[in-house]
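Overview (structure and organization)
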Number of protein chains: 2
Amino acid sequence: MAVEEKVEITDAEWEIMRVVWTLEQATSKEIIEVLQEKKDWKPATTKTFIGRLVKKGMLLAAPQGNKFIYSAGISEEGSVKSATDRLFGQICSRAAGKTIADMISKALLSHEDIQLLQAALDAKKSEAVDTVPCNCIPGQCKCKKEHNINCH
Amino acid sequence: MAVEEKVEITDAEWEIMRVVWTLEQATSKEIIEVLQEKKDWKPATTKTFIGRLVKKGMLLAAPQGNKFIYSAGISEEGSVKSATDRLFGQICSRAAGKTIADMISKALLSHEDIQLLQAALDAKKSEAVDTVPCNCIPGQCKCKKEHNINCH
DNA sequence: CTCCTTCATTTACAGTTGTAATCGATTAAT
DNA sequence: ATTAATCGATTACAACTGTAAATGAAGGAG
């Protein structure tokens, strides 16, 4: 399988990529139109982001006459994974559970999603621990947090 | 309840905040020591971030003699929520379910976490939809994605 | 063949971020 | 008292981001 590159996608770039992932193939005009409506970006702004993404290899530009047809150079799948990895790198490992629970509460989910979630959760039940260690400070835990009294 | 400010916390700032959230009270020396070990940051680097966080009100500096005792000016809870909101603002709404499932698979969870997750999931079961609409492009759905054939 | 339109490319520019040295004031040590 | 160690504040600086105008090249309209 293709090694998923560790790409850093900015907020603005996500918007472009999402359009391209959705349309699979798109001209700059199409992308510009979508984002003019969705984000109220000037055409020049969208062009800048397209250019930067092409330079970084996140967008592929296939010459079509004198124009280009753009397509994704990175997978949505992998990009989403990178983004979640980043989030979980930021927050305290102890906060993961509650954070995921909040996400579930907030998200709009399909029946299929629910099944996926249930399966993932069931798989976890066997390997649950008593206390998740805090990873905010290396070495001996110095947590003062109430919920962390067992954290050492 | 306190209105949770819409704060933007950078990667580096997360590190500082996590130390302070963990210790609850900390001198610059303590913060510097932790991050020197954990991130190999020079003391000056950590000082810069502390200064920026104080200026933004994310860290509170209580004068203690000629030094300061730092404490958090924003809640960990709210900050984590902001970060997850941002993530879900970036990705396609259709990707949420799978993304959360991946998180569950990857996370280290406690028994308590599992219960939270199960409760959140159960609560969702009643309101699951057949198809989550894609929100990448406004207006009529133009999704070319295979999984999106029902998306309109 | 000439002008307008359309793209892509180049340039602009301020604000943010990561990374850090230096400076200035103050305290602790000699 | 003089010196050394701290600590906060100021300054530095390049890369990245968001936002966009200007420019150049090439095709389409007339």
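Everything in this summary refers to the structure shown in the same document. (Residues numbered from 1 in each chain as written. Chains lettered and ligands numbered in written order. Predicted model: local features only at pLDDT ≥ 70, side-chain atom pairs only at ≥ 80, totals over all residues. Heavy atoms only, no water.)

1. A look at the environment of Lys 47 of chain B
Residues and elements named next belong to chain B. Within the secondary structure, Lys 47 is located in helix H3 (residues 43-55). According to the relative accessible area criterion, Lys 47 is exposed, its value standing at 52%. Along the sequence, Lys 47 and Lys 29 sit 18 residues apart, while their C-alpha atoms lie 9.3 Å from each other. (Helix = DSSP H or I, 4+ residues; strand = E, 2+ residues; numbered from the N terminus. Buried < 20%, exposed > 50% of the residue type's maximum accessible area, 1.4 Å probe, protein only.)

2. Details of the packing of aromatic side chains
With the rule as written, the count across this model stands at six aromatic pairs over all chains. Between the aromatic rings of Trp 14 of chain A and Trp 21 of chain A, the centroid separation amounts to 5.8 Å while the plane-to-plane angle is 65 degrees, which identifies the pairing as edge-to-face. Across the pair, Trp 21 of chain A and Trp 14 of chain A agree in class, each one buried. With a centroid separation of 5.1 Å and an interplanar angle of 55 degrees, the aromatic rings of Trp 41 of chain B and Phe 49 of chain B are classed as tilted. Take Trp 41 of chain B and Phe 49 of chain B: they sit in the same class, and that class is buried. (Phe/Tyr/Trp six-rings, centres within 6.5 Å; stacked < 30°, edge-to-face > 60°.)

3. A few points about the protein's contact with DNA strand D
Close contacts around DNA strand D come from 19 residues, with Thr 10, Thr 48 and Arg 52 of chain A together with Ser 28 and Lys 67 of chain B the closest. Counted by atom, the contact set of DNA strand D within 4 Å of the protein is 62% sugar and phosphate. Ser 28 of chain B is positioned with one of its side-chain polar atoms (N or O) 2.5 Å from a phosphate oxygen of DNA strand D. Residue Phe 68 of chain B places a main-chain N or O atom 3.5 Å away from a phosphate oxygen belonging to DNA strand D. Taken together, the elements giving at least two residues each to the surface near DNA strand D come down to helix H1 (11-23) and helix H3 (43-55) of chain A together with helix H2 (28-38), H3 and strand E2 (67-72) of chain B. For the surface near DNA strand D, the leading source of residues is H3 of chain A, giving five residues. Looking at side-chain class alone, the surface near DNA strand D contains six nonpolar, five polar and eight charged residues. (Near = heavy atom within 4 Å. Polar contact = N/O pair within 3.5 Å; in protein donor to acceptor, adjacent residues only side chain to side chain. Nonpolar A, V, L, I, M, F, W, Y, C, P; charged D, E, K, R; others polar.)

4. Considering the protein's contact with DNA strand C
The environment of DNA strand C is made up of 19 residues, and the closest members are Ser 28 of chain A together with Thr 10, Thr 48, Phe 49 and Arg 52 of chain B. For DNA strand C, the fraction of protein-proximal atoms (within 4 Å) that sit in sugar or phosphate groups is 62%. The contact in question runs from a phosphate oxygen of DNA strand C to an N or O atom on the backbone of Phe 68 of chain A, over 3.4 Å. Thr 48 of chain B has a polar side-chain atom sitting 2.6 Å from a base nitrogen of DNA strand C. Top contributing element to the surface near DNA strand C by residue count: H3 of chain B, with five residues. Per-class residue counts for the surface near DNA strand C are six nonpolar, five polar and eight charged.

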